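Each chain is listed here by its residues.
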Amino acid sequence: MGRLIYQIYPRSFADSNGDGVGDLRGLASKLDHLEWLGIDAIWSSPTFPSPNVDWGYDVSNYRDVHPELGTLDDLDTLIADARTRNIDVWLDLVPNHTSDKHDWFSDRPEYYVWSTDIPNDWKSGFSGGTAWEYDARRKRYYLHQFAVEQPDLDWWNLDVRAEFEQILRFWFDRGVAGFRIDVAHALIKDRELRDGERYQRERPEVHDIFRAWQAVAHEYDPKPTLMGETYVPLAHLPPYYAHLDLAQNFAFTNAEFELDDLRPIVERTLKTLPAGATPLWFGSNHDHSRLATRWAFGDEARARAALFLILTLPGDAILFQGDEIALEDGKVPKDRITDIGDPPRDPERTPLPWTRSGDEWQEPWLPLGSTKRNVEDQRADPDSTLHYVRDLIAQRKQFSDDSYETLKSVSGVWAYRRGDKTCLLNMTDDVAGHEGRTLQPWQGLIL
Ligand code: NOJ
Ligand code: CA
């Protein structure tokens, strides 16, 4: 009950060889720490070979490891080490598009979506302009929902489906225990390429793909987990639970950290999800400003309130690396920006500070932000946010079931019943009282 998934952005987690880029050996060297924290699974952002136009989300080979991050052997070792600590390793599958440097793009053009002219008004997520690019070699346009270097695969092509089922088996055979599925809501497009966003994404046929993947997962014991990056309105989330184990809830993540905004979303989520579906909560990832900045404006008490909520709601939760020390976004000067996104997503991708000196990062690929909040100092301080998070992770395992009920409370306090426990969270800057208890600003209590 209530798994804790820890998202790693591998280039920025831990660097084993001093080249300024985090890597798999670095990650493996921190397993002691992750075990101490009490996590159940690691989800790593992409680890595959990639020209890095979109930092790994443009894959050129789905069956290997990016040389900057390590080797297949390193990944095998990581999986085996993690296993001895009861930590699962999940990878990040990018099935909507490949890199234009993937062999398929030259050798198997039929795997992609083509048109002799620009057939519709679909937009590219990065440029905001048309999602169609002319290819002089093929004398046709190809679809790219993201960068020009990320051509979309044609999921109507059954060979594409067969390829990915084999890719899943390749990794499940190696002990990978789950996948986060990039752009899960938009893999397949309208076959007739009709105008309009509703034909570009959230097509019902996507569920046939996931049905097949779930069948592949069922070939394994224990069954690997499939988690979708389902960037859809809350009301559209339920169908994804038909064949995925977890569907990311962006309505929650994108809410303001205000009681009147968040509580209705949580209540609505729990009402909306089908019976038996596991809710999933997170406040940060590699595409969103970190919760300590976006939700807490740097205030550590407020960041703890956000962490309290994420870790005490029913279902599974994801922490993005650094959340556990209330790490804020890094400041990345213009001349160090690496991301194609607008606004650039570099600030939430800066390296994780392990020590106050920051010496563990030699000329990192993105600037190391403030080391004021770092793992070493917080580990030594029992009153730190790191210890606070660790205690909550231990406590969340004690809830007797996955039930949730909002309780009556004074204004500004969120009170809820969780199994046989009561949670109180003061979501204001003022001291609050609830049934004889005093709550400091942003304080959470489990009773
Ligand atoms: C979602 C990923 O999280 C993001 O980082 C990436 O740029 C796009 N999908 C395209 O793969
Ligand atoms: Ca390295």
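Residues numbered from 1 in each chain as written. Chains lettered and ligands numbered in written order. Predicted model: local features only at pLDDT ≥ 70, side-chain atom pairs only at ≥ 80, totals over all residues. Heavy atoms only, no water.

Under ideal tetrahedral coordination, the four donors around a metal are separated by 109.5 degrees; under ideal octahedral coordination, the six donors are separated by 90 or 180 degrees. Coordination of the calcium ion (ligand 2) by the protein is provided by Asp15 (OD), Asn17 (OD1), Asp19 (OD), Val21 (O) and Asp23 (OD), with metal-donor distances spanning 2.2 to 2.4 Å. One chain supplies every donor for the calcium ion (ligand 2), spaced along it as D-x1-N-x1-D-x1-V-x1-D. A residue is classified by how much of its surface remains accessible, and Asp19, at 39% relative accessible area, is partly exposed. (Donors = N, O, S within 2.8 Å, 3.2 Å for Na, K, Ca; no water. Buried < 20%, exposed > 50% of the residue type's maximum accessible area, 1.4 Å probe, protein only.)

What follows concerns the packing of helix H11 (residues 300–312) against helix H13 (residues 385–396). Packing of H11 against H13 leaves a shortest axis separation of 10 Å and a crossing angle of 15 degrees. One finds that H11 runs roughly parallel with respect to H13. Read as a crossing pair, H11 and H13 show a hand that is right-handed. Each of Glu300, Arg304, Leu307, Phe308, Ile310, Leu311 and Thr312 in H11 lies in contact with H13, whose residues at this interface are Thr385, Tyr388, Val389, Leu392, Ile393 and Arg396. Class assignment for the residues of the contact of H11 with H13 results in eight nonpolar, two polar and three charged. (Axes fitted to C-alpha atoms, helices over the stretch in contact; angles between N-to-C directions. Helix = DSSP H or I, 4+ residues; strand = E, 2+ residues; numbered from the N terminus. Parallel < 35°, antiparallel > 145°, perpendicular 65-115°, else oblique. Left-handed = near helix turned anticlockwise from the far one by under 90°. Contact = heavy atoms within 4.5 Å. Nonpolar A, V, L, I, M, F, W, Y, C, P; charged D, E, K, R; others polar.)

As paired elements, strand S5 (residues 132–135) and strand S6 (residues 140–143) share four bridges and run antiparallel to each other. What sits directly across from Trp132, in S6, is Leu143. Linking S5 to S6, which pair antiparallel, is a turn of four residues; within it Lys139 sits at a positive phi near 55 degrees. (Pairing = 2+ DSSP bridges.)

Looking now at the pairing of strand S14 (residues 421–426). Of all the six residues making up S14, five are buried; the element is thus mostly covered by neighbouring parts of the structure. With six bridges connecting them, strand S13 (residues 413–418) and S14 associate as antiparallel partners. The residue bridging Trp414 from the neighbouring strand is Leu425, located in S14. In textbook terms, the turn of a hairpin is the stretch between consecutive antiparallel strands, and for S13 and S14 this stretch comprises two residues, one of which, Gly419, has a positive phi near 60 degrees. Relative to strand S17 (residues 444–446), S14 runs antiparallel, the two being bridged by three bridges. Looking at S17, one finds that Leu424 is bridged to Leu445.

Right, let's talk about H11 for a bit. Along an α-helix, a turn takes 3.6 residues, which lines up residues three or four apart on a common side. Taking 1.5 Å per residue as the helical rise, H11 with its 13 residues ought to reach 18 Å, and the 18 Å between its terminal C-alpha atoms agrees with that figure. Residues of H11 that are buried: Arg302, Ala303, Ala305, Ala306, Leu307, Phe308, Leu309, Ile310, Leu311 and Thr312. Capping the start of H11 is the job of one residue whose side-chain oxygen sits 3.2 Å from the backbone nitrogen of Ala301: Asp299. (Expected span 1.5 Å × (residues − 1). Polar contact = N/O pair within 3.5 Å; in protein donor to acceptor, adjacent residues only side chain to side chain.)

In the region of ligand 1, 13 residues are neighbours, and Asp54, Arg180, Asp182, His286 and Asp287 sit closest. Asp287 is positioned such that a nitrogen or oxygen atom in its side chain is 2.5 Å from an oxygen atom of ligand 1. Here an oxygen atom of ligand 1 sits 3.0 Å away from a polar atom, N or O, in the side chain of Arg345. The protein chains hide 96% of the 300 Å² of surface that ligand 1 would expose on its own. For the shell around ligand 1, the class distribution of residues is four nonpolar, two polar and seven charged. (Near = heavy atom within 4 Å. Areas by Shrake-Rupley, 256 points an atom, 1.4 Å probe, with all protein chains shown as cover.)

This next bit is on the sheet that holds S5. An order of S4-S6-S5 is seen for the three strands of this open sheet, with the pairing classed as antiparallel. Of all the strands in the sheet, just strand S4 (114–115) and S5 have a single pairing partner and so form its edges.

Per the counting criterion, the structure on display carries 31 aromatic pairs. The interplanar angle of 25 degrees and the centroid separation of 5.7 Å between the aromatic rings of Tyr62 and Trp104 together place this pair among those described as stacked. Here the residue Tyr62 occupies a position in the loop between strand S2 (41–44) and helix H3 (72–84), and Trp104 occupies one in helix H4 (residues 103–107), the gap between them amounting to 42 residues. Residue Trp104 is classed as buried on the basis of its relative accessible area of 9%. Within the aromatic cluster, the residues linked to one another by ring pairs are Phe48, Tyr62, Trp104, Tyr111, Trp155, Phe164, Phe170, Trp171, Phe210 and Trp213. The ring of Trp365 has Arg11 sitting right over it, with the charged end atom 4.4 Å from the ring centre. (Phe/Tyr/Trp six-rings, centres within 6.5 Å; stacked < 30°, edge-to-face > 60°. Lys NZ or Arg CZ within 6 Å of the ring centre and 35° of its normal.)

Taken together, the eight strands give an open sheet; going across it, the order is S9-S8-S7-S3-S2-S1-S11-S10, and neighbouring strands pair in parallel fashion. Each edge of the open sheet is held by one strand with a lone partner, namely strand S9 (246–247) and strand S10 (280–282). With four bridges connecting them, strand S3 (residues 88–93) and strand S7 (residues 178–181) associate as parallel partners. Its bridge partner lying in S7, Leu93 is registered against Ile181.

Here we come to the pattern of salt bridges. On inspection of all chains with the given rule, the structure shows 28 salt bridges. Of the charged contacts, one joins Lys101 and Asp100 as a salt bridge, the two residues approaching to 3.4 Å between their closest N and O atoms. For Asp100, a relative accessible area of 23% gives the class partly exposed. Of the charged contacts, one joins Lys223 and Asp245 as a salt bridge, the two residues approaching to 3.2 Å between their closest N and O atoms. Here Asp245 lies in the loop between strand S8 (225–228) and S9 and Lys223 lies in the loop between helix H7 (206–217) and S8, a separation of 22 residues in the sequence. On the basis of relative accessible area, Asp245 is assigned to the partly exposed category, the value being 22%. (Salt bridge = Lys/Arg side-chain N within 4 Å of Asp/Glu carboxyl O.)

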